[in-house]
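The lines below spell out each chain.
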Amino acid sequence: MPLRLPPPGTGGDSGLIRTSPPLLREDPQDCPRGTALRARPFIRQVPQRPRRRPIEEFALGPVMRALDAVEFDGVDVESAVAGLCENRKYHAGHLAWAESAIRSYVAARAAQETWRHELGRPATLPVRAQWSAVTESRTPDSRGATRYERTAWGRRYASADGAERELWLLSVNSVKTNRSPAEIAEAAAVTATGVPAESAFGGIHRPVEGDRTPPRRVRIVGVGCGTGRSQVLADWDVEEAERRFTAYAKPALGRAVEDSGRLAPGSSCVRCEALAGCVLPPRTPGLLGVPGPRRPRARRSVSATDLRVHAGCPARFHLTRVLHLKSDEPESEPVRRGRAVDEWLNLRHEQGCCRAAPLPEQLPGLSAGELPTALSMLRQHQRACPLDGLPAAETVRVQPRLTAYDPELDVVLIADPDLLYSRSGGWIWHETKTASKRPWEGQELMETYPQLALAVLLMAAGVPGGDPRRSLIELEVLYQDGSRCEEIDPGDPATLAAARHIIGELAAPWAVDEMYAPKPGGHCSGCEVLAHCSVGRTRLETP
């Protein structure tokens, strides 16, 4: 179905369609209409929305900047890293991680070049200009486009004679193992057929001077900047790259740039130019109950987990929830057990009630010694599965993504209930938690689990809908020798007031924070980004 352009609340030229491998991921949580709009970079929100970011939010930004200095300007690694520290837009923890990531990348490149040499293949040299595959026509096609640009972001290398090209795809932590065949095929095809080009913001890709020798062979290399490990994703001659493009990438490209008519609000709403005029997600002005920042800033998303992490330590929030940095240290048993239990329940609930389902002989990520506790928790759940006896006519959604939009704050609100099911015209929002011991004694539930407070606010605001008098929030806590289930009425005035207070207390500092300073404390010992936080390490080293 052709995209009706420009969508409400937008303006601009729809004649250019620009694609890159990430558009081909076809993530079921992405919005098809939003993806089609992303492929049309000249369509923008009208009037223009704020885009200011007080601090760098792209984890690989300083890495790419330093590598440019090393590979194109002849700067040594030490000087390139030192140059980053002069830029005040980088968080201190971000810089600490970037220094390690830069060294890891340089070492990975050296290892790959050594491997090439041992195989008798020519050395490769950095290529500054990006490769862009462009097709043009005088008249608009059925999509209204007169120009197509296919690009692939990464770091580019080629042999001196141009016969071999490499594209390195950088990941923040470890090498991505979930790139689809279409993504890899498109990256290889652009590397094989693209010509040197550059673009200014808001402009088309224009050819620049550079080697245009068509390569005979291309390699796509994935590299994890956090671990320093690399993996060859494709090593094909040009004919093989073309064959895989035709088989995998071309059909996915067609689906990406078309508008299926389906809206799937979620995290991708943050970057969507058409959000202001879109019928989804539901509008909930003032839901967080806090004023916005003094200076307008780029649209953001937030979840209850985000707010909880920020309240504990703003630096940890920025490094883990915004930059998505992770530690390569093993996760604790409670974390792995909770994930394993959650994944098994999700799979079983997709088929309905799990009461009679046989328990597994093993669970991913758990050792034989860790398995009995997890199985005991699953048995506790099976005894009182909330789907037991639910009429077949009711609707069950497993971990649905619920989204709302506060236009006053320009914030997208995200929630992912473990279960959402209809009952007699209302919706039941069910959360399942695992605990090593019996939970709270007298503690306010919504303070312990702020996602319950956000659930109250969302349901009171009409998200996900249904009859509010018949809607309910359930919390099930599983532990080794028992379970506990509590109910929360989102329509109760006292409950609603308490939820507003809890979320407001958490959201107020988050909404205006632009520095994300560390908040050292006892939690530093278990922080996954402690290696990049000098304040936290000093806190632990101080008697």
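Residues numbered from 1 in each chain as written. Predicted model: local features only at pLDDT ≥ 70, side-chain atom pairs only at ≥ 80, totals over all residues. Heavy atoms only, no water.

**Overview of the overall build of the protein**
Scanning the protein for helices and strands turns up 14 helices and 20 strands. In terms of overall size, the protein behaves like a compact globule, its C-alpha atoms giving a radius of gyration of 25 Å where 543 residues would be expected to give roughly 24 Å. Its C-alpha atoms give the protein principal-axis dimensions of about 70 × 60 × 55 Å. When each of the 543 residues of the protein is scored for burial, the buried share is 49%. Of all intrachain contacts in the protein linking residues separated by at least 6 positions in sequence, the fraction that spans at least 24 positions is 72%. (Helix = DSSP H or I, 4+ residues; strand = E, 2+ residues; numbered from the N terminus. Rg over C-alpha atoms; globule rule 2.2 N^0.38 Å. Buried < 20%, exposed > 50% of the residue type's maximum accessible area, 1.4 Å probe, protein only. Contact = heavy atoms within 4.5 Å.)

**Let's talk about the pattern of salt bridges**
Under the criterion given, the structure shown has 40 salt bridges. One salt bridge in this structure joins Glu-183 and Arg-25, with 3.0 Å as the shortest N-O distance. Residue Glu-183 is found in helix 5 (residues 181-193), and its partner Arg-25 is found in the loop between strand 2 (16-19) and helix 1 (32-38); the two are separated by 158 residues along the sequence. A relative accessible area of 5% means that Glu-183 is categorised as buried. As a salt-bridge pair, Arg-52 and Glu-514 come within 2.7 Å of each other at their nearest N and O atoms. Within this pair, whereas Arg-52 is found in the loop between strand 3 (43-45) and helix 2 (61-73), its partner Glu-514 is found in the loop between helix 13 (493-512) and helix 14 (534-541), the two being separated by 462 residues in sequence. In this structure, a network of salt bridges that share partners links the residues Arg-109, Glu-113, Arg-116, Arg-121, Glu-164, Glu-166, Arg-217, Arg-219 and Asp-235. (Salt bridge = Lys/Arg side-chain N within 4 Å of Asp/Glu carboxyl O.)

**Let's talk about the environment of Gln-380**
With respect to the helices, strands and loops of the structure, Gln-380 is situated in helix 10 (residues 371-383). On the basis of relative accessibility, which here comes to 13%, the residue Gln-380 falls in the buried class. It is 9.9 Å that separates the C-alpha atoms of Gln-380 and Arg-355, two residues lying 25 residues apart in sequence. Discounting chain neighbours no more than four positions away, the residues touching Gln-380 are Leu-478, Tyr-479, Gln-480, Asp-481, Gly-482 and Ser-483.

**With respect to the sheet that holds strand 6 (residues 147-151)**
Here five strands make up an open sheet; going across it, the order is 2-6-5-9-10 and the pairing mixed. Lying at the two open borders of the sheet, with one neighbouring strand each, are strand 2 and strand 10 (206-207). As paired strands, strand 5 (residues 130-136) and strand 9 (residues 195-198) are joined by three bridges and run antiparallel to one another. Looking at strand 9, one finds that Ser-132 is bridged to Val-195. Together, strand 2, strand 5, strand 6 and strand 9 form the strand contacts of helix 5, whose direction differs from that of strand 6 by roughly 105°. (Pairing = 2+ DSSP bridges. Axes fitted to C-alpha atoms, helices over the stretch in contact; angles between N-to-C directions.)

**Focus on unusual backbone geometry**
Here the bond from Val-46 into Pro-47 is cis, since omega is -5°, no more than 30 degrees from zero. On the secondary structure map, Pro-47 appears in the loop between strand 3 and helix 2. Here the phi dihedral of Asp-410 falls at roughly 55°; this positive angle occurs in a residue that is not glycine. With respect to the helices and strands, Asp-410 occurs in the loop between strand 15 (402-406) and strand 16 (411-415). By relative accessible area, which is 13% here, Asp-410 ends up buried.

**Description of the environment of Arg-51**
Counting through the fold element by element, Arg-51 comes out in the loop between strand 3 and helix 2. With sequence-adjacent residues up to four places away left out, Arg-51 is seen in contact with Arg-44, Glu-273 and Ala-298. For Arg-51, the side chain forms a polar contact with the side chain of Gln-48, separated by 3.1 Å. (Polar contact = N/O pair within 3.5 Å; in protein donor to acceptor, adjacent residues only side chain to side chain.)

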